[in-house]
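Results of the structural survey
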Amino acid sequence: MGTIPSETIEQIAAANDIVEIIGSYFPLKRAGANFKALCPFHQEKTPSFMVSPSRQTFHCFGCGAGGSVFRFVVDYEHVDFPTAVRKLAARAGITVVEKLGGRGAGDEERQRELRQRLLKLHAEATQWFHENLIKREVGKAAREYLRSRAITVEIAKRWQLGYAPDEWDAFGSWARSRGYDVRDLIASGLVKVRDDSDSTGSQRSVTAQGAAQATVSYDRFRGRIMFPICNDVGEVIAFSGRLLQDEEGAAKYLNSPETALFRKGSVLFGLDKSKRALIEADCAVVCEGQLDLISLFESGITNVVAPQGTAFTEAQARILKRFVNEVVLSFDADAAGQKAAERSLDALLQNGLIVRVAEMPAGEDPDSLVRRDGKTAFEKRIADARDFFDYWIERETANVDLNSLSAKMEVARTLAETVSHVHDPVMRGVVISKVSARLAVSASAFAALVPKQVRKGPSEATTERRQQLVPPNDIALLCVLALRSQEAHEFLRAQSWREVLSQLPSTYFLERILESEVRPNDSASLSAFLASLESEEEDIISGWLHLKTPPNSVAVPWLRLRQAALRRQLDIAKDRIRLPELSTGDVINLQKQILDLQEQLHELSQPAGPADN
């Protein structure tokens, strides 16, 4: 991918007032020159989340999160930085043009153009499928089926459900009439060629001649209700199609193949609509299929996602961990649903998620239950969901003769392997106690079977990283002054700052500030500078920016830094002159250096005149 120019980032920052942006997510209250609120990034009772309209920054003095308007959108929406920039750019009507450079720039440009064409094709295909379902006679049977599942026209519109006619080339013919190249249709996965299989993807087909392909291509989705699959910002990137009636040898659900837009194992259905509810509940209700999710969502249970009928992948679990700490699996009661729940466990535990299981009655699924019993009853089922390990231990040991030593050892090893994926020490201890009690063995004996894995928690690592980054007082003070005052910034840039800072530790932040072209009096320039930092760095600097302006003149702490640099050089020279292997010439040079450094220190210690300030 290309890079977004800093001048574009400045332009977008200038066009998006941070108070207005944050205020569109939750209410802010005036607090003097600033605004305050309860922090959305951690639980608190007293507001410590501050927003500065003058500097266009936010900072929470409780959890330490902070930065520019871009950082807020990244953290609150759980998107990456380029997505946040584009979202704010679209809001302000600004076009983002990325710079491409270096080797491979042509390939990157072609990939970017392909992605844009495929996004446009998917958006228009969604509308075509939707109109087939809602407006056309061809969609009558699909409308009746959805009505039988309590999916009204209004719900179908909200989810942009559609219908693919049961014809060989209905979609392909329509798309070609709209000017789409058959190669793009094949690359999208919406169209296949006769010798192409679902598993081989579209790579082999793309290189064939367009005219020849058009004669042998046909629609992938035929006679199916179409569920658009969106990325987490709501762009349609794929489809899942459901048969109206089960057919022997045909899959009930058919998904788009892997494409330049779509990686099945990295997408969660419904996340674009449910992510805010997930964050607020800190819990995800996970179901298997699209209809299950839609029924729950429309009933008012909105903290839902679906891995699209498969067990969780590592990538999906990582995405979910960005939003919640707990997962309730509400898979179907059949054997396939139970297996999917078990296969999901490792990926979820690897990412530190607490897992519970809401068991469905035989023959039921979330869709049928919520329609039959209503929202309140289903919410109670979620609240009463069992800890996964209680459910899992019971299932693993249900048909095992625990009086048989060999059978007990075999199931103990199986259970120990799964427990090894639990990284949280408290949770691991609890699970070990549960398993050992069920097997009637000592906790220490069972624990000895569990491979020990040590992993530092993300919050602990982040705190440690921040502590390493924070510089000593004078350097921190100069950082604040250089970011708050154009005069101070220009003063420091006029000094021999590289020479001085090279002699001192913990000068990273001050060097970054002085190397940059940041203009302290320009909030948009400040936002662009903050956007260039790592998240921990942005947290620290945003905290400094929300402190009161220090009364010290910039010359005073700078003088102390110069003195510290000279003392450090002097100490090094004094240590070197004691080395026994030095020649007479080396000793004389070091003696001169020591005298020169002592003289410079003496001069700096004299009272400064008006001109020096």
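Above this text is the structure in question.
The following paragraphs examine the structure supplied in this document.

Definitions and cut-offs
Along each chain, residue indices are assigned from 1 in the same order as the chain's sequence is written. Only residues with pLDDT of 70 or above have their local features reported here, since the model is predicted, and side-chain atom pairs are shown and tallied only from 80 upward, although totals for entire chains, interfaces and linings are computed over all residues. Note: side-chain values were computed over all heavy atoms of the structure, leaving out hydrogens and water. To qualify as a helix, a DSSP run of H or I must reach at least 4 residues; to qualify as a strand, a run of E must reach at least 2; elements of each kind are numbered from the N terminus. When accessible area is computed with a 1.4 Å probe and restricted to protein chains, residues below 20% of their type maximum are described as buried, those above 50% as exposed, and intermediate ones as partly exposed. Computed with the Shrake-Rupley method and a 1.4 Å probe, the accessible areas treat only the protein chains shown as cover for residues. In protein, a polar contact requires one atom able to donate a hydrogen and another able to accept it; more generally it is a pair of N or O atoms within 3.5 Å, and residues adjacent in sequence count only if both atoms are side-chain atoms. Throughout, a contact is declared for two residues whenever any of their heavy atoms are within 4.5 Å. When DSSP finds two or more bridges between two strands, those strands count as paired. What goes into a patch is any residue over 30% in relative accessible area without a salt bridge, connected to like charges within 9 Å or, for nonpolar side chains (Val, Leu, Ile, Met, Phe, Trp, Tyr), within 5 Å. Think of a salt bridge as a Lys or Arg side-chain nitrogen and an Asp or Glu carboxyl oxygen that are within 4 Å of each other. The charged-residue count follows a simple rule in which Lys and Arg add positive charge and Asp and Glu add negative charge, with His and chain termini not counted at all. Lys charges are placed at NZ, Arg charges at CZ, Asp charges at CG and Glu charges at CD. Ring pairs are drawn from Phe, Tyr and Trp, using the six-membered ring of Trp, whenever the two centres fall within 6.5 Å, and their geometry is named by plane angle: stacked under 30 degrees, edge-to-face over 60, tilted for the rest. In this analysis the charged atom, NZ for Lys or CZ for Arg, is taken to sit over a ring once it is within 6 Å of the ring centre and within 35 degrees of the ring normal. Computed over the protein atoms alone on a 1 Å grid, cavities are sets of points where a 1.4 Å probe fits but cannot get out and pockets are open sets with protein on both sides within 12 Å along at least five of seven lines; a residue lines them when it has an atom within 4 Å of a point. Grid points are joined across faces, edges and corners, and a volume is the space filled by probe spheres set on the points. Three residue categories are used. Nonpolar comprises Ala, Val, Leu, Ile, Met, Phe, Trp, Tyr, Cys and Pro, charged comprises Asp, Glu, Lys and Arg, and polar comprises the others, including Gly. Helix axes use the C-alpha atoms of the stretch in contact, all axes being lines fitted to C-alpha atoms, and the angles between their N-to-C directions lie in the range 0 to 180 degrees. When an angle is under 35 degrees it counts as roughly parallel; over 145 it counts as roughly antiparallel; between 65 and 115 it counts as roughly perpendicular; any other value is oblique. Handedness of a crossing follows from how the near helix is turned relative to the far one, being left-handed for an anticlockwise turn of less than a right angle and right-handed for a clockwise one.

Per the secondary structure count, the protein includes 30 helices and 16 strands. The buried share of the protein, reckoned over its 613 residues, is 48%. Accessible area for the protein stands at about 29900 Å²; split by element, carbon and sulfur atoms hold 50% of it.

It is worth spelling out the side chain of Asn303 at this point. Following the sequence through the fold, Asn303 ends up in the loop between α13 (290-299) and β13 (304-305). Here Asn303 falls in the buried class, since its relative accessible area comes to 14%. Polar side-chain contacts of Asn303 include one of 2.9 Å to the backbone oxygen of Cys283. Contacts of Asn303, omitting those with residues within four sequence positions, involve Ala277, Leu278, Ala281, Cys283, Ala284 and Val285.

Our focus in this paragraph is the pairing of strand β12 (residues 283-286). Of the two faces of β12, the one lined by Cys283 and Val285 and the one lined by Ala284 and Val286 are each fully buried. Where β12 and strand β14 (residues 326-329) come together, four bridges link them in parallel fashion. Paired with Val285 across the two strands is Val328, which belongs to β14. Direction of pairing for β12 relative to β13: parallel, over a ladder of two bridges.

With that settled, the discussion passes to a negative patch on the surface. Together, Asp166, Glu167, Asp246 and Glu247 make up a negatively charged patch on the protein surface. In this structure, Glu167 sits in the loop between β6 (162-164) and α8 (170-177).

Here we take up the pairing of β14. With four bridges joining them, β14 and strand β15 (residues 354-357) adopt parallel strand pairing. Each bridged residue has a counterpart across the sheet, and for Glu326 the counterpart in β15 is Ile354.

Looking now at the packing of aromatic side chains. Inspection of the entire model under this criterion finds 26 aromatic pairs. Relative to Tyr76, the ring of Phe72 lies with its centre 5.2 Å away and its plane at 15°, an arrangement referred to as stacked. In this pair, Phe72 and Tyr76 are both assigned in helix α3 (residues 69-77), four residues apart and thus about one turn of the helix distant. Relative accessible area serves as the criterion here: at 7%, Tyr76 is assigned to the buried category. Relative to Phe389, the ring of Phe388 lies with its centre 6.2 Å away and its plane at 85°, an arrangement referred to as edge-to-face. Grouping residues by exposure puts Phe388 and Phe389 together as buried. An aromatic cluster is defined as three or more aromatic residues linked by ring pairs; in this entry it consists of Tyr25, Phe26, Phe41, Phe49, Phe58, Phe72 and Tyr76. Looking at Arg276, its charged tip hangs above the ring of Tyr76, at a distance of 3.6 Å from the centre.

Within this model, the second largest pocket holds a volume of roughly 1300 Å³. Along its surface, the second largest pocket is lined by 42 residues, and Asp80, Thr83, Arg86, Arg115 and Asn231 are the ones closest to its centre. Listed by contribution, the elements that provide at least two residues to the lining of the second largest pocket are α4 (81-92), α5 (105-134) and α27 (523-531). Residues of the lining of the second largest pocket, tallied by class, amount to 22 nonpolar, nine polar and 11 charged.

With respect to topology, four strands assemble into an open sheet ordered β6-β9-β10-β11, the strand pairing being antiparallel. Unpaired on one side and paired on the other, β6 and β11 (253-255) mark the two borders of the sheet. The sheet shows a mean angle of 35° between the axes of neighbouring strands, taken without regard to direction. Where strand β9 (residues 224-230) meets strand β10 (residues 236-243), seven bridges bridge the pair, whose relative direction is antiparallel. From the neighbouring strand, Ile229 faces β10, where its bridge partner is Ala238.

What follows deals with the sheet that holds strand β1 (residues 29-31). With antiparallel pairing, the five strands of this open sheet are ordered in space as β1-β2-β3-β4-β5. The sheet is open, and its two borders are formed by β1 and β5 (66-67), each paired with just one other strand. Looking at chain direction, strand β4 (residues 57-60) and β5 are connected through two bridges and run antiparallel. Bridge pairing in β5 links His59 to Gly66.

Attention now goes to the packing of α3 against α4. The interhelical angle for the contact between α3 and α4, taken along N-to-C directions, is 110°, at an axis separation of 9 Å. As far as their axial angle goes, α4 and α3 are roughly perpendicular. Our pair here, α3 against α4, has a crossing hand that is right-handed. From α3, Val69, Phe70, Val73, Val74 and Glu77 reach across to α4, where they touch Phe81, Ala84, Val85, Lys87 and Leu88. Its residues placed into classes, the contact of α3 with α4 shows eight nonpolar, no polar and two charged.

Attention shifts here to the packing of helix α23 (residues 473-484) against helix α28 (residues 535-545). Direction vectors running N to C along α23 and α28 enclose 75°, while the axes themselves pass 10 Å from each other. One finds that α23 runs roughly perpendicular with respect to α28. For the pair α23 and α28, contact is made by Ala476, Cys479, Val480, Leu483 and Arg484 and by Ile541, Trp544 and Leu545, respectively. Broken down by class, the residue content of the contact of α23 with α28 amounts to seven nonpolar, no polar and one charged.

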